[in-house]
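Notes for the structure review
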Amino acid sequence: MPQTKQPGNAPLRLDRETVAGLPARSAQAHKGDFGHVLVVGGDLGTGGAVLLSAEAALRCGAGLVSVATRPEHVAAGLARLPEVMCLGVSSANQLVSVLERASVLVVGPGLGQAAWGRSLLSAVANADQPQVWDADALNLLARTPLALPSGSILTPHPGEAARLLGISTEAVQADRPGAARKLARRYASVCVLKGAGSLVADPSGRLALCERGHPAMAGAGLGDVLTGVLGALLAQGQDAWRAACLGVWLHACAGERLGVEGRGLAASDLAPVIRELLEEHSACQA
Ligand SMILES: NC(=O)C1=CN([C@@H]2O[C@H](COP(=O)(O)OP(=O)(O)OC[C@H]3O[C@@H](n4cnc5c(N)ncnc54)[C@H](OP(=O)(O)O)[C@@H]3O)[C@@H](O)[C@H]2O)[C@@H](O)CC1
Ligand SMILES: Nc1ncnc2c1ncn2[C@@H]1O[C@H](COP(=O)(O)OP(=O)(O)O)[C@@H](O)[C@H]1O
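Reading guide: rules and limits
- Residues numbered from 1 in each chain as written.
- Chains lettered and ligands numbered in written order.
- Predicted model: local features only at pLDDT ≥ 70, side-chain atom pairs only at ≥ 80, totals over all residues.
- Heavy atoms only, no water.
- UniProt positions renumbered as here; feature names shortened; annotations may be inferred.
- Helix = DSSP H or I, 4+ residues; strand = E, 2+ residues; numbered from the N terminus.
- Polar contact = N/O pair within 3.5 Å; in protein donor to acceptor, adjacent residues only side chain to side chain.
- Contact = heavy atoms within 4.5 Å.
- Salt bridge = Lys/Arg side-chain N within 4 Å of Asp/Glu carboxyl O.
- Buried < 20%, exposed > 50% of the residue type's maximum accessible area, 1.4 Å probe, protein only.
- Near = heavy atom within 4 Å.
- Areas by Shrake-Rupley, 256 points an atom, 1.4 Å probe, with all protein chains shown as cover.
- Nonpolar A, V, L, I, M, F, W, Y, C, P; charged D, E, K, R; others polar.

Under the annotation held in an unreviewed UniProt entry, the protein chain carries the name ADP-dependent (S)-NAD(P)H-hydrate dehydratase and is attributed to Pseudomonas taiwanensis. Of the comments in the UniProt record for the protein chain, the one headed Sequence similarities (unreviewed entry) reads "Belongs to the NnrD/CARKD family." Quoted verbatim from the Function (unreviewed entry) field of the UniProt record, the comment on the protein chain reads "Catalyzes the dehydration of the S-form of NAD(P)HX at the expense of ADP, which is converted to AMP. Together with NAD(P)HX epimerase, which catalyzes the epimerization of the S- and R-forms, the enzyme allows the repair of both epimers of NAD(P)HX, a damaged form of NAD(P)H that is a result of enzymatic or heat-dependent hydration."

Rendered as C-alpha cells:
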C-alpha cells in the first residue's frame, strides 16, 4: 500500500489512493488462481448470514466459494447461490475434507454459540489457513481461549469488542483506537472495529480509519457481507492488513452509494455495488 506519511499517532485515512488494489488478471487466468473461500456458520434461525457472506465472496472475485452450514439450509443455499458449493454438516468431523480444500476460512456469521457452533469453530481454529472471524466466532472466543492462525482478521462490532475485552460497549466507543489496537495485539491478528468510522488495527500498532459509510447501513447482515469481501481479498493474495483496508473501504463506499436512496438498504443489495467499486479501483484486465 502507498505509505502516506502520518503525523504522530494519527491513523492512516482510507481513500482511493491509500488502499492497495488487486493486480490485473492475466488473460490465461483460471479459477484455481484466485483461492477457495469456505464460509462456516448458519445455525438454525440464522441461515441467511452465511449466504450473504458467500455471495459477497463470489462477487469480489474468489475463484471458488463453499459454505458449510446446517443440512436444513442446503436447499435454500443452492436455490439462492448455485455457483456456491453448499455442504450440510451435522458435526465437525464432516468439515474435515472441505477444510482441507479451502485456502481461506470465514467463520462466525450466524454460527450460534451452542454445541454445533462450538465444535465447528474448534475445527476451524485448528486449521492453518488465513481466517476471518466474526459474530458468534467472536462471542465464543470471548468465552474460550482459542488462537487464530497468522494472517487472520477479526471483525467485531462494538458489542462484540466489548465482550472480547470484558468491558462495556460504551467504554469501547469512548476509546475506539485503543480497543482496536488491544484486540489486534491480543489475538496477533488484524482487527476491524466496525461501526461509523470503522478502524483497522494490526498487532504492531498500525491504525487506519475509514470515514466513508452511511447511516442507511445500520441494518442486519451488513457485517456478514463484509466478511465475504475480506475472505475474497485474502483468497486473491492480499495480506490481512491490505485486505482489511481495501475491504472496509469498498464496503463503506458501497453503503454510501446505496445510502443516498434512503432507509431500507438490504445487505444483499451491497454485493453488486462492491463489485462495481472494485472494478473502478482495480480493473480486472489492464
Ligand atoms: N440474516 C441473518 O441470518 C442474520 C444473522 N445475524 C447473526 O445473528 C447473531 C447475533 O448478532 P448481532 O450482531 O445481531 O447481536 P449482538 O452481537 O448481540 O450485537 C448487537 C448489540 O451490539 C451492540 N452494537 C452493535 N453494533 C454497534 C455499534 N455500531 N455501535 C454501538 N453498539 C453496537 C449493540 O449493543 P447495545 O447498544 O444494544 O447495548 C447491539 O444491540 C450473529 O450470529 C449474527 O451473525 C446477524 O448478522 C443479522 C443477520
Ligand atoms: N452508521 C453507520 N455508518 C457507517 N457504517 C455503518 C453504520 N452502521 C453500520 N455500519 C456498518 O455496517 C456493518 C454492520 O455490521 P454488523 O454490526 O456486524 O451487522 P450484522 O451482524 O447484522 O451483519 C459494519 O461494517 C458497520 O461498520
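That was the structure; now back to the text.
**Section: the side chain of Ser53**
As for its position among the elements, Ser53 is in helix α1 (residues 48-59). A distance of 3.4 Å separates the side chain of Ser53 from the backbone nitrogen of Gly228, its partner in a polar contact.

**A word on the environment of Ala216**
Its location among the elements puts Ala216 in the loop between β10 (207-209) and α9 (222-235). Ala216 has contacts with Gly259, Gly262 and Leu265, leaving out every residue within four places of it along the chain.

**Describing the pattern of salt bridges**
Scanning the model with the defined rule gives eight salt bridges in all. Between Arg212 and Glu256 there is a salt bridge, with its nearest N and O atoms 2.7 Å apart. Within this pair, whereas Arg212 is found in the loop between β10 and α9, its partner Glu256 is found in helix α10 (residues 240-259), the two being separated by 44 residues in sequence. The partly exposed category is assigned to Arg212, whose relative accessible area is 35%. Beyond isolated ion pairs, a larger network of salt bridges with shared partners links Arg257, Glu276 and Glu280.

**With respect to the environment of Gly88**
Along the chain, Gly88 falls in strand β4 (residues 85-88). On the basis of relative accessible area, Gly88 is assigned to the partly exposed category, the value being 27%. For the pair Gly88 and Val67, spaced 21 residues apart in sequence, the C-alpha separation works out to 8.3 Å. The contacts of Gly88, once residues within four sequence positions are left out, are Thr69, Arg70, Pro71, Val74 and Gln94.

**As for the site of ligand 2**
Around ligand 2, a shell composed of 16 residues is seen, among which Lys194, Gly195, Gly221, Gly223 and Asp224 lie nearest. The separation between an oxygen atom of ligand 2 and a polar main-chain atom of Leu222 is 3.4 Å. Protein chains shield 78% of the accessible area of ligand 2, which is 580 Å² for the free molecule. Broken down by element, the shell around ligand 2 gets its largest block of residues, three residues, from α9. Residues belonging to the shell around ligand 2 are distributed by class as follows: six nonpolar, eight polar and two charged.

**Some points on the site of ligand 1**
The full set close to ligand 1 counts 18 residues, and Gly110, Asp136, His157, Arg163 and Asp224 are the nearest of them. Note that an oxygen atom of ligand 1 is positioned 3.4 Å from one of the backbone N or O atoms of Thr46. In this structure, Arg163 approaches ligand 1 through a side-chain N or O atom, which is 2.9 Å from an oxygen atom. Among the secondary structure elements, those contributing two or more residues to the shell around ligand 1 are α1, α5 (135-143), α6 (158-165) and α7 (169-174). Ranked by residues supplied to the shell around ligand 1, first place goes to α6 with four residues. For the shell around ligand 1, a count of residues per class yields five nonpolar, nine polar and four charged.

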